[in-house]
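Structural features, examined
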Amino acid sequence: MSQTVLVEKNERGYMKFILHRPEKRNAVSYQLMEEFEAALDQAAQDNDVKVVVITGYGDRAFCSGGDLAEFHSLYTEEESYGMLSKMGAILYKLAVFKKPTIALLNGSAVGGGCEIASACDFRLAKSGVKLGFVQASLGITTGWGGASILLEKIPYQSAMKLLLNGTIYTAEAAKELGFIDEVIQGDLEEWERFVDTILNREVGVLMAYKNLLINKWEETDLKGRMEMESRQCAKLWETDAHHQAVDSFLNKTK
Ligand SMILES: CC[C@@H](C(=O)O)C(=O)SCCNC(=O)CCNC(=O)[C@H](O)C(C)(C)COP(=O)(O)OP(=O)(O)OC[C@H]1O[C@@H](n2cnc3c(N)ncnc32)[C@H](O)[C@@H]1OP(=O)(O)O
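In short, a report on the structure. Bear in mind that the values here come from a model prediction, so they are computed numbers and not experimental data.

1. A closer look at a nonpolar patch on the surface
Residues L151, Y156, M160 and L164 make up a contiguous nonpolar surface patch of about 420 Å² in total accessible area. Per element, the largest residue contribution to the nonpolar patch is three residues, and it comes from helix α5 (residues 156-165). Residue position: L164 is located in helix α5. The exposed category is assigned to L164, whose relative accessible area is 61%.

So this is what it looks like as structure tokens:
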């Protein structure tokens, strides 16, 4: 079985995680969850790593969310809650990661792909990229805690617009809403300019600032709110509306 998260360490002081399931537009499977968590642990322990960057393999997709084919066998609230809370715990780990994190949107970011991006400190997107919290169009909500994280990061009116509409936005429109920090024109490698100054700072300084954020989220029980979000999604998961929407996607009738 091939690796679903490629890890590259750069001598400048960042570690890149590349989501690697191009045939599924880098959808999140159980295997990917395991490898993603292991990569986070590796980056946390490596003192040379100042910043973590998450991107997708190829130029088509950052991440298309949960693997709708793999998770289609989960039918009931309890079955789906197991999967949703597992990835939710990994997303919380990413949100409270002790060093700065960046989502580099090289291609489409849909559903849970936007949740992963939300959990990062910064979101950079290649010009022309399409993204959306499409869960509402599938009869569910964000299931991995991504809405609770999003509500911490951008004005609530913008967050609610993204979530309630459940539609696709361009990177440029998402920047207007505050979701994307920078749209990269031309060569995607230009993203590195965004971290030039940060990489020149001492890792202790970076971690101290991040710690302020983590303390706030511990005090306001972000973890508990994310678990509640997974539970809500699990209840919707078992509805006919959701199963029909997934059937339509898989049968290409959507
Ligand atoms: C489950 C958790 C939940 C959450 O908590 O948030 C979610 O994440 S719900 C999942 C939401 N995701 C989606 O609805 C994504 C659906 N995918 C798309 O809209 C598009 O594929 C794309 C991401 C916009 C890319 O479009 P495009 O480049 O045109 O590719 P294709 O559509 O032709 O797809 C190629 C290939 O990949 C398969 N695929 C894509 N996404 C998924 C997915 N999420 N799960 C499983 N498989 C996926 C798609 O079926 C195609 O397969 P083949 O037809 O066999 O080539």
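2. Description of the environment of N106
Within the fold, N106 resides in the loop between β5 (101-105) and β6 (108-110). For the pair formed by N106 and I54, sequence separation is 52 residues and the distance between their alpha carbons is 9.9 Å. Look past the residues within four positions of N106 in its chain and what remains in contact with it is T55, G56, Y57, G58, D59, A61, F62, K126, V129 and L188. Within the structure, the side chain of N106 is placed 2.9 Å from the backbone oxygen of G56, a separation counted as a polar contact.

3. A few points about the sheet that holds strand β8 (residues 130-132)
One open sheet holds the four strands; their spatial order is β4-β6-β8-β9, and the pairing between them is mixed. A single partner strand is all that each edge strand has here, and the edge strands are β4 (61-63) and β9 (169-170). Bridge analysis of β8 against β9 gives two bridges, and the strand direction is antiparallel. Its bridge partner being in β9, L131 is matched across the sheet by Y169.

4. A word on the site of the ligand
Taken together, 23 residues form the shell around the ligand, and within it R25, G66, E115, Q135 and K252 come nearest. Residue G143 places a main-chain N or O atom 2.9 Å away from an oxygen atom belonging to the ligand. For the ligand, the protein covers 74% of the area, taking 1000 Å² as the surface of the free molecule. Taken atom by atom, the bulk of the ligand overlaps the largest pocket.

5. Notes on the layout of surface pockets
Considered as a void within the structure, the largest pocket measures approximately 770 Å³ in volume. For the lining of the largest pocket, the secondary-structure elements that each account for two or more residues are α2 (77-95), β6, α3 (112-119), α9 (222-237) and α10 (240-250). By volume, the second largest pocket is sized at about 300 Å³. Lining the second largest pocket we find 16 residues, and of these T141, T142, A147, L163 and Q232 sit closest to its centre. Counting residues per element, the ones that place at least two in the lining of the second largest pocket are α4 (146-153), α5 and α9. Sort the elements by how many residues they give to the lining of the second largest pocket and α9 lands first, with four residues. Class assignment for the residues of the lining of the second largest pocket results in nine nonpolar, five polar and two charged.

Parameters and conventions
- Residues numbered from 1 in each chain as written.
- Predicted model: local features only at pLDDT ≥ 70, side-chain atom pairs only at ≥ 80, totals over all residues.
- Heavy atoms only, no water.
- Patch = residues over 30% accessible without salt bridge, like charges linked within 9 Å, V, L, I, M, F, W, Y side chains within 5 Å.
- Areas by Shrake-Rupley, 256 points an atom, 1.4 Å probe, with all protein chains shown as cover.
- Salt bridge = Lys/Arg side-chain N within 4 Å of Asp/Glu carboxyl O.
- Helix = DSSP H or I, 4+ residues; strand = E, 2+ residues; numbered from the N terminus.
- Buried < 20%, exposed > 50% of the residue type's maximum accessible area, 1.4 Å probe, protein only.
- Contact = heavy atoms within 4.5 Å.
- Polar contact = N/O pair within 3.5 Å; in protein donor to acceptor, adjacent residues only side chain to side chain.
- Pairing = 2+ DSSP bridges.
- Near = heavy atom within 4 Å.
- 1 Å grid on protein atoms, 1.4 Å probe; cavity = no way out; pocket = protein on both sides within 12 Å on 5 of 7 lines; lining within 4 Å.
- Sits in = over half its atoms within 2 Å of the grid points.
- Points joined across faces, edges and corners; volume = space filled by probe spheres on them.
- Nonpolar A, V, L, I, M, F, W, Y, C, P; charged D, E, K, R; others polar.

None of the figures reported here should be taken as evidence of function without further support.
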